[in-house]
Amino acid sequence: MNQRNWQKAILHLDIDAFYPAVEVLDHPDLKGKPVIVGGTRERGVVSSASYEARTFGVHSAQPMATAMTLCPKGVFLPVRMARYKEVSSQVFEIFHRFTPLVEPISIDEAFLDVTGSARLFGQPQEIAATIKRMVREETGLTISAGLAPSKFVAKIASDLEKPDGLTIVLPEQVQAFLDPLPIDKMWGVGKQTRKRLHGLGIRTIGDLGRFSAKGLEKKLGKHGIKMHQLALGIDERDVCPFSEIKSIGHEETFSQDITQEEAARKEILFLSQKVARRMRRKGVSGRTITLKVKYSDFVQVTRSATLPAFTCDGHAIFATACRLMAKTDVGRKPVRLLGVSVSQLSHASASTEQLSLFQEDEASSKRKNLNTALDSVSEKFGEDALRPATLLTEDGSRS
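Here we summarise the structure given alongside this text. Per chain, the residues get numbers from 1 upward, laid out in the order the sequence is written. pLDDT decides what is reported in this predicted model: residues at 70 or higher carry local features, side-chain atom pairs at 80 or more are listed and counted, and totals for whole chains, interfaces and linings draw on all residues regardless. Excluded from the side-chain calculation are hydrogens and water; included are all heavy atoms of the structure.

### Observations regarding the pairing of strand β11 (residues 300-311)
Point 1. Strand direction decides the pairing type here: strand β10 (residues 284-295) and β11, joined by 8 bridges, are antiparallel. Looking at the pairing, Lys294 lines up with Gln300 of β11.
Point 2. In textbook terms, the turn of a hairpin is the stretch between consecutive antiparallel strands, and for β10 and β11 this stretch comprises 4 residues, one of which, Phe298, has a positive phi near 75 degrees. In this scheme, strands are said to pair when DSSP sees at least two bridges between them. Only runs of H or I of at least four residues qualify as helices and only runs of E of at least two qualify as strands under DSSP, and these elements are numbered from the N terminus.

### A word on the packing of helix α11 (residues 213-220) against helix α12 (residues 222-231)
Point 1. Where α11 contacts α12, the two axes come as close as 6 Å, and the packing angle between them is 140 degrees. Comparing their axes, α12 and α11 come out oblique. The handedness of the crossing between α11 and α12 comes out as right-handed. Across the interface between the two elements, Ala213, Leu216, Glu217 and Leu220 of α11 pack against Lys222, His223, Gly224, Ile225, Met227 and His228 of α12.
Point 2. Polar here means any residue other than Ala, Val, Leu, Ile, Met, Phe, Trp, Tyr, Cys and Pro, which are nonpolar, and Asp, Glu, Lys and Arg, which are charged; Gly is therefore polar. Considering only residue class, the contact of α11 with α12 consists of 5 nonpolar, 3 polar and 2 charged. Lines fitted to C-alpha atoms define the axes here, with helix axes fitted over just the stretch in contact, and angles between the N-to-C directions of these axes take values from 0 to 180 degrees. Small angles under 35 degrees read as roughly parallel and large ones over 145 as roughly antiparallel, with 65 to 115 read as roughly perpendicular and the rest as oblique. By definition, turning the near helix anticlockwise from the far helix through less than a right angle yields a left-handed crossing, and turning it clockwise yields a right-handed one. Note on contacts: a residue pair is in contact if any heavy atoms of the two residues lie within 4.5 Å.

### Observations regarding the pattern of salt bridges
Point 1. A pairing counts as a salt bridge when a side-chain nitrogen of Lys or Arg comes within 4 Å of a carboxyl oxygen of Asp or Glu. Scanning the entire structure with this criterion turns up 23 salt bridges.
Point 2. Salt-bridge contacts for Asp16 lead to Lys162; the nearest nitrogen and oxygen are separated by 3.9 Å. Of this pair, Asp16 sits in the loop between β1 (10-15) and α1 (18-26) while Lys162 sits in the loop between α7 (151-158) and β8 (166-168), placing them 146 residues apart in sequence.
Point 3. With a 1.4 Å probe rolled over the protein chains alone, any residue whose accessible area is under 20% of its type maximum counts as buried; one over 50% counts as exposed, and the rest are partly exposed. Lys162 gets classed as partly exposed once you look at its relative accessible area, which sits at 27%.
Point 4. The structure contains a network of salt bridges with shared partners spanning Glu23, Asp26, Arg80, Arg83 and Glu86.

### Topic: the environment of Gly140
Point 1. In this structure, Gly140 sits in the loop between α6 (124-139) and β7 (143-148).
Point 2. Separated by 116 residues in the primary sequence, Gly140 and Val24 place their C-alpha atoms 9.7 Å from one another.
Point 3. Residues contacting Gly140, with those up to four places away along its chain left out, are Leu25 and Val135.

### Some words on the layout of surface pockets
Point 1. Counted as a void, the largest pocket has a volume near 1,600 Å³.
Point 2. The method works on a 1 Å grid over the protein atoms by themselves. A cavity is a set of points holding a 1.4 Å probe that cannot get out, a pocket is an open set with protein on both sides within 12 Å along at least five of seven lines, and residues with an atom within 4 Å of a point line them. If you trace the largest pocket, you find 37 residues lining it, with Tyr19, Met81, Lys85, Gly249 and Arg278 closest to the centre.
Point 3. Contributing elements (two or more residues each) for the lining of the largest pocket: α4 (81-96), β5 (102-106), β9 (247-258), α13 (261-282), β10 and β12 (335-347).
Point 4. Tallying contributions element by element places β9 first for the lining of the largest pocket, with 8 residues.
Point 5. The residue makeup of the lining of the largest pocket, split by class, is 13 nonpolar, 15 polar and 9 charged. Grid points are joined across faces, edges and corners, and a volume is the space filled by probe spheres set on the points.

### Looking at the packing of aromatic side chains
Point 1. Stacked, tilted and edge-to-face are the three classes assigned to paired rings of Phe, Tyr and Trp, where Trp is represented by its six-membered ring and a pair needs centres within 6.5 Å; plane angles under 30 degrees give stacked, over 60 edge-to-face, the rest tilted. Taken as a whole and assessed by the stated rule, the structure comprises 5 aromatic pairs.
Point 2. When the ring of Phe18 is compared with that of Tyr19, the centres are 5.9 Å apart and the planes differ by 55 degrees; the resulting orientation is tilted.
Point 3. Owing to a relative accessible area of 13%, Tyr19 belongs among the buried residues under this scheme.
Point 4. Linked through ring pairs, Phe18, Tyr19 and Tyr84 together constitute an aromatic cluster.

### Looking at the sheet that holds strand β2 (residues 35-38)
Point 1. Spatially, 3 strands are ordered β3-β2-β4 in an open sheet, and the strand pairing comes out mixed. In this open sheet, the two edge strands, each paired with only one partner strand, are β3 (46-49) and β4 (75-78). For this sheet the average axis-to-axis angle between neighbouring strands, irrespective of direction, equals 25 degrees.
Point 2. With 4 bridges joining them, β2 and β4 adopt parallel strand pairing. Bridge pairing links Val37 to Leu77 in β4.
Point 3. Against the sheet, α1 touches β2, β3 and β4, its axis set at about 115 degrees to β2.

### Points about the nonpolar core
Point 1. Grouped together as the largest cluster of nonpolar side chains are 33 residues, with contacts concentrated most on Leu11, Leu13, Phe18, Phe95, Leu112, Ile131 and Val135.
Point 2. Looking at this core, the elements that each hand over two or more residues are β1, α1, β2, α4, β6 (109-113), α6 and β7.
Point 3. With 6 residues, the top contributor of residues to this core is α4.
Point 4. Apart from residues no more than four positions distant in its own chain, Phe95 is found in contact with Leu13, Val102, Ala110, Leu112, Ile131, Val135 and Ile143.
Point 5. Counting residues in hydrophobic clusters, the runner-up holds 29 residues, among them Ile268, Tyr295, Met325 and Val342. As used here, the term nonpolar core means buried Ala, Val, Leu, Ile, Met, Phe, Trp, Tyr and Cys residues forming a set that is joined through side-chain atoms within 4.5 Å.

### Comments concerning the pairing of β7
Point 1. When you tally the buried positions in β7, you get 6 out of 6 residues, the bulk of the element.
Point 2. In β7, alternate side chains face the same way, and those of Ile143, Ala145 and Leu147 on one face and Ser144, Gly146 and Ala148 on the other are all buried.
Point 3. Note that β7 and β8 share 3 bridges and pair parallel. When the sheet's bridge partners are listed, Leu147 is paired in β8 with Ile168.
Point 4. Each parallel crossover has a hand, and the one from β7 via α7 to β8 is left-handed. Throughout, right-handed denotes a crossover for which the path from the first strand over the helix to the second runs clockwise when the strands point away from the viewer.

Okay, structure coming up:
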């Protein structure tokens, strides 16, 4: 095929069952076994499952207890994020050999724009096949790939022939490719949206494209218009290799439900300090604080508040998160998970400008100096080397 037929050539690459695949790399005796990576057996959830485990109905975000019931002979392993990041870096280094336009979506997934790579590496189809081969040879992992003229179509294509698949959708084939696919394959279609679309007689992406755009807008708002455009193969989004961080957060699932407000407050303090350290490390401050609470019945709520000024101070984040906690059922319902995040971020220079509008008191100055000292210790000995005193028991362990 002549390169001019590809006005834009987008690859979506997804490492197959990444966490379990790395575990098999490091422990070859696990090959062919149902490997399940996630949290503790009592309280955790599944982070990823091998294809052997998926045949038993195991899937990500599922409670570990359920996975154990479905797959009692499965091999259950803890998450080793440092190792996964190491292997991910090796894979992404291969991606960057072919184009600087690499947009990471997660640790195991990325979009690549290879439109301008043909002169050096051949047609887009050849590039996709070569990347798959190099990843297999250099890391032992397999990748499922989708090649198409847009992000939307490439993402769908990569999901169709897992594992180790390569689906190519030529520019002139886009509509024929999309039309017969079930509406579930559509970006942004969850259970409720699917139910509403089925109520309108829309069961395939082709049905969606043929439906009145005004009718969809009336039923689904702006989201309906966007879905209609995607159903017609219209997706002008570019691959953005330097996307800005939108939020920084941390959450923890507890081995035992938290039932007391004071215990929850201690955890929120720990989370707030950890988030603040990460923000300072990245040189950003933020204004919007969000508290995430998941109860023992798996019902999840979030509460947010926006501050008048930017901050990267753990005590300010903690104080806001505590006010948000008062708007939840913490203390009245058992809590399984807590999370704290900060968004509406700005780089330190902009934050400093805003802070200069206010009188910095002596307490604020001391807190800045303390944060600097704590960051230094954290950098040297690890994030958990220092904890607020209220989080420690008499023997120095976490309460």
